[in-house]
Amino acid sequence: MKFIYTNGRNQDFVKLSQLLDEYLNELAGGEANRQQYIPYNTLDAIRDVVLAYDDSSSPIGCASFKFYDNKIAEVKRVFVKREHRGKGISKELMRLLEARAKEKGYNTLLLETGASLVEAMGLYRSLGYVIMQNYGQYKDLQESICMQKNLL
C-alpha cells in the first residue's frame, strides 16, 4: 500500500469522489434526498488531497481539505472503497491529511458528517474530533453533524 499527496484535479481523486457520492446517495435513498448537500461537495476549491493505493496501484481511498478561514481548513471527501474498509486506511489518510494541514499553517480542522454515517463518526471521534455547533452552510441542516479538531 502507498499514500501520495496530490491536488483536487487528480483523476483518481475525481473517480473516488464519484464513488463516495454514489455511496452517499445509496445511504440517503437516492440523490434527490441529498440535493441540499451537493453544492457543498464540489472539488473546485480543493487543493490538498491524500490518496491511498493498493499493491496493484489501484486507488482505494482519499481524504482532502480546503481553505475555510484564517488558520482553519475544512476536511472534505473522506472515502475508502468498501472492500478495503476496516484495515486502518482511513486513519492513515486522516493522519497524513492532518500533517499536511499543519505544514500549511492550519491549526484547526473542521468537518461536516451525518448521523447516518456511523463509521465516519467513529473514525473522527477516535482521532480526537469533537462535535461543535453546525457552521456555515450546515447551520440550518438538521441532518448535519459538525466536528472539529485542534492541531496544535
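Residues numbered from 1 in each chain as written. Predicted model: local features only at pLDDT ≥ 70, side-chain atom pairs only at ≥ 80, totals over all residues. Heavy atoms only, no water.

(A) Spatial organisation of the overall build of the protein chain. Summing up its helical and strand segments, the protein chain has three helices and seven strands in all. Along the protein chain, from the amino end to the carboxyl end, the secondary structure elements read β-α-β-β-β-α-β-α-β-β. A principal-axis box enclosing the C-alpha atoms of the protein chain has dimensions of 45 × 40 × 30 Å. A buried classification covers 46% of the 152 residues belonging to the protein chain. Element-wise, carbon and sulfur atoms account for 48% of the exposed surface of the protein chain, whose accessible area totals about 8100 Å². Within the protein chain, the 19 negative side-chain charges are centred at a point lying 5 Å from the centre of the 21 positive side-chain charges. (Helix = DSSP H or I, 4+ residues; strand = E, 2+ residues; numbered from the N terminus. Buried < 20%, exposed > 50% of the residue type's maximum accessible area, 1.4 Å probe, protein only. Areas by Shrake-Rupley, 256 points an atom, 1.4 Å probe, with all protein chains shown as cover. Lys, Arg positive; Asp, Glu negative; His and termini not counted. Charge placed at Lys NZ, Arg CZ, Asp CG, Glu CD.)

(B) View of the side chain of glutamate 74. Mapped onto the secondary structure, glutamate 74 falls in strand E4 (residues 72-80). A distance of 2.7 Å separates polar atoms of two side chains, one belonging to glutamate 74 and the other to tyrosine 135. In this structure, glutamate 74 is in contact with Ser64, Phe65, Lys66, Tyr68, Leu110, Tyr135, Gln137 and Tyr138, ignoring residues within four places of it in sequence. (Polar contact = N/O pair within 3.5 Å; in protein donor to acceptor, adjacent residues only side chain to side chain. Contact = heavy atoms within 4.5 Å.)

(C) Inspection of the UniProt feature "domain: N-acetyltransferase" (unreviewed entry) in the protein chain at higher detail. According to UniProt, the feature "domain: N-acetyltransferase" (unreviewed entry) maps to residues 3-152 in the numbering used here. As a span, residues 3-152 carries 28% helix and 31% strand, and end to end its C-alpha atoms are 24 Å apart. (UniProt positions renumbered as here; feature names shortened; annotations may be inferred.)

(D) Representation of the environment of leucine 141. Position of leucine 141 among the secondary structure elements: in the loop between strand E6 (130-132) and strand E7 (144-150). Residue leucine 141 is classed as buried on the basis of its relative accessible area of 15%. When the C-alpha positions of leucine 141 and glutamine 36 are compared, they lie 8.7 Å apart, and in sequence the two are 105 residues distant. Setting aside residues up to four positions removed in sequence, leucine 141 forms contacts with Gln36, Tyr37, Tyr40 and Asn134.

(E) Geometry of the sheet that holds strand E1 (residues 2-6). Ordered by their spatial adjacency, seven strands build an open sheet running E1-E2-E3-E4-E5-E7-E6, and the pairing between neighbours is mixed. Every interior strand has two partners, whereas the edge strands, E1 and E6, have only one. Each strand axis lies, on average, 30° off the axis of its neighbour in the sheet, ignoring direction. Contacting E1, strand E2 (48-53), strand E3 (59-69), E4, strand E5 (108-114) and E7, helix H2 (residues 89-103) runs over the sheet at an angle of about 35° to E3. (Pairing = 2+ DSSP bridges. Axes fitted to C-alpha atoms, helices over the stretch in contact; angles between N-to-C directions.)

(F) Spatial organisation of the pairing of E2. With six of six residues buried, E2 is to be regarded as a mostly interior element. Both faces of E2 are covered, namely the face carrying Asp48, Val50 and Ala52 and the face carrying Val49, Leu51 and Tyr53. Looking at chain direction, E1 and E2 are connected through five bridges and run antiparallel. When the sheet's bridge partners are listed, tyrosine 5 is paired in E2 with valine 50.

(G) Region of the structure containing the nonpolar core. Core analysis: the largest hydrophobic core is formed by 26 residues, its most contacted members being Val75, Met94, Tyr124 and Tyr129. When residues of this core are assigned to their parent elements, the largest contribution, six residues, is made by H2. Among all residues touching valine 75, those that are not within four sequence positions of it are Ser64, Phe65, Met94, Leu97, Leu109, Leu110, Leu111 and Tyr129. Counting residues in each nonpolar core, the second largest holds 13 residues, with Phe13, Tyr23, Leu24 and Tyr53 among its members. (Core = buried A, V, L, I, M, F, W, Y, C linked by side-chain atoms within 4.5 Å.)

(H) Structural view of H2. Taking 1.5 Å as the rise per residue, H2 with 15 residues should run 21 Å; its terminal C-alpha atoms sit 21 Å apart, in good agreement. Regarding H2, the residues found buried are Ile89, Leu93, Met94, Leu96, Leu97, Glu98, Arg100 and Ala101. Glycine 105 occupies a position one or two residues after H2 and carries a positive phi of about 95°. (Expected span 1.5 Å × (residues − 1).)

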